[in-house]
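Examining the three-dimensional arrangement
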Amino acid sequence: MKRHLPGTSDASGSLSQQVERLNQQGTELLCRGQYTSALDCFSQALVLLPDNYSALYGQGDALANLKQYQAALDSFNQALRQRPDSDAAWVFRGVVLIHLELYQEALESCDRALHLAPQNQEAWMFRGAALQHLGRYREAYTSYDQATGKTHQSLWRSILQWLKKVFLVSRH
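Residue numbers run consecutively from 1 along every chain, following the written order of its sequence. Only residues with pLDDT of at least 70 get local features here, since the model is predicted, and only at 80 or more are side-chain atom pairs given and counted; chain-wide, interface and lining totals rely on the full set of residues. Side-chain descriptors were evaluated using all non-hydrogen atoms of the structure, hydrogens and water having been removed beforehand.

Considerations on the environment of Leu131
The following threshold applies: A helix here means a DSSP run of H or I that spans at least four residues, while a strand means a run of E at least two residues long, and both kinds are numbered starting from the N terminus. When accessible area is computed with a 1.4 Å probe and restricted to protein chains, residues below 20% of their type maximum are described as buried, those above 50% as exposed, and intermediate ones as partly exposed. In what follows, a contact means two residues having at least one pair of non-hydrogen atoms within 4.5 Å.
Positionally, Leu131 belongs in helix H7 (residues 121-133). For Leu131, a relative accessible area of 0% translates into the label buried. Residues Leu131 and Gln104 lie 27 residues apart in sequence; the distance between their C-alpha atoms is 8.0 Å. What Leu131 contacts, discounting residues up to four positions off in sequence, is Leu107, Arg136, Glu139, Ala140 and Ser143.

Written out as C-alpha cells, the structure reads:
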C-alpha cells in the first residue's frame, strides 16, 4: 500500500513532472535563441512551483537575453535564495550586474562563485570584466589569465631576459 504525507497526493508527483518538462522545454528554447518562448515555459513552471530553482535560473537567463536586466537580477536573487551554493547562478548574477553597471557588486558575485568553484572559467572572465570597468586593469588581466590558463608573467620574464642579454652584450 502506498502512503502519502499529510497534505500531499499523487498530483504532486505529476506536478513535479510537469515543472520538469516545462524547465526542459524552456532550456531547449534558450539554446535555440527563442528567449520569449523560453520565458513563457519558465513562468508557467513558477506558477506551479514558485520556488523551483531551475525555473528561477532559466527565467533569469531568458530575461537577461531579452535585456531585461533588473528582472533577471531579481530571478537570480530568488534562485540563490533556493541554492546559495550555485556557482553558476552567482556568475550569471555577476553578468547581469555588469549590464546594470553595478561593477563592484558584479565583482562580489564573481568572487562568491570562485569561492564555491575556484576553477570556474566564466567566473574568472566576468570578474576580469568587472575589474576592468572599475579601472583595476592589472587585477583584470590576472583574472583573464586565470580564465584562459595563460600567464603574462612568463611573457614578461622572456622579454626581461632578452633585454638583459641585449644590454649586457651591447656593454661589452
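Once the structure has been displayed, the description carries forward.
Observations regarding the confidence of the model for the chain
To keep it simple, the criterion reads: Confidence of the predictor at the level of single residues is given by pLDDT, which spans 0 to 100.
Mean pLDDT over the chain: 88, with 80% of residues reaching 70 or higher. Confidence over residues 1-10 falls short of pLDDT 50; this stretch has three contacts with residues more than four positions distant or in other chains.

Observations regarding the pattern of salt bridges
Side chains bearing opposite charge may pair, as long as their charged atoms lie close to each other. Where we set the bar: Take a side-chain nitrogen of Lys or Arg and a carboxyl oxygen of Asp or Glu: if they are within 4 Å of each other, that pair is a salt bridge.
This model, assessed by the stated rule, comprises two salt bridges. Taking the shortest distance from any N to any O, the salt bridge between Glu139 and Arg136 comes out at 2.8 Å. On the accessibility criterion, Arg136 (32% relative accessible area) is partly exposed.

As for helix H8 (residues 137-148)
Definition in use: Take the residue count of a helix, subtract one, and multiply by 1.5 Å to get its expected span.
If you check H8, its first and last C-alpha atoms are 16 Å apart, about what 12 residues at 1.5 Å a residue would give, namely 16 Å. Looking at H8, one finds that the buried residues are Ala140, Ser143, Tyr144, Asp145 and Ala147. Just beyond H8, the residue with positive phi is Gly149, at close to 80 degrees.

Digging into the packing of aromatic side chains
The cut-off we apply is this: In summary, the pairing rule links any two rings of Phe, Tyr or Trp, Trp by its six-membered ring, whose centres are within 6.5 Å, and it sorts them by plane angle into stacked for under 30 degrees, edge-to-face for over 60 and tilted for everything else.
Here the structure, examined in full by the defined rule, presents five aromatic pairs. Ring plane angle 80 degrees and centroid distance 5.4 Å describe the contact between Tyr57 and Phe76, whose orientation is recorded as edge-to-face. Of this pair, Tyr57 sits in helix H3 (residues 53-65) while Phe76 sits in helix H4 (residues 69-82), and the two are 19 residues apart along the sequence. Ring geometry for Tyr57 versus Phe92: centroids 6.1 Å apart, planes at 80 degrees, classification edge-to-face. Separated by 35 residues along the polypeptide, Tyr57 in helix H3 and Phe92 in helix H5 (residues 87-99) bring together distant segments of the chain.

A closer look at the environment of Ala129
The topology assignment puts Ala129 in helix H7. A relative accessible area of 19% means that Ala129 is categorised as buried. Separated by 11 residues in sequence, Ala129 and Ala140 have C-alpha atoms that sit 6.7 Å apart. Contacts of Ala129, omitting those with residues within four sequence positions, involve Ile98 and Tyr144.

Examining the nonpolar core
So the rule is basically this: We define the nonpolar core as a collection of buried residues of types Ala, Val, Leu, Ile, Met, Phe, Trp, Tyr and Cys that are connected through side-chain atoms lying within 4.5 Å of one another.
Formed by 26 residues in total, the largest nonpolar core has its most connected members in Ala38, Ala72, Phe92, Val96 and Ile98. Ranked by the residues each element gives to this core, the list is headed by H5, at five residues. In this view, Ala72 contacts Gly60, Leu63, Ala64 and Val96; residues no more than four positions away in its chain are not counted.

Focus: the side chain of Arg127
Spelled out, the test is: Polar contact criterion, stated in full: a pair of N or O atoms within 3.5 Å, where within protein one must be able to donate a hydrogen and the other to accept it, and residues adjacent in sequence count only if both atoms are side-chain atoms.
Mapping Arg127 onto the fold places it in helix H7. A distance of 2.6 Å separates polar atoms of two side chains, one belonging to Arg127 and the other to Asp111. Look past the residues within four positions of Arg127 in its chain and what remains in contact with it is Leu107, Cys110, Asp111, Leu114, Glu139 and Ser143.

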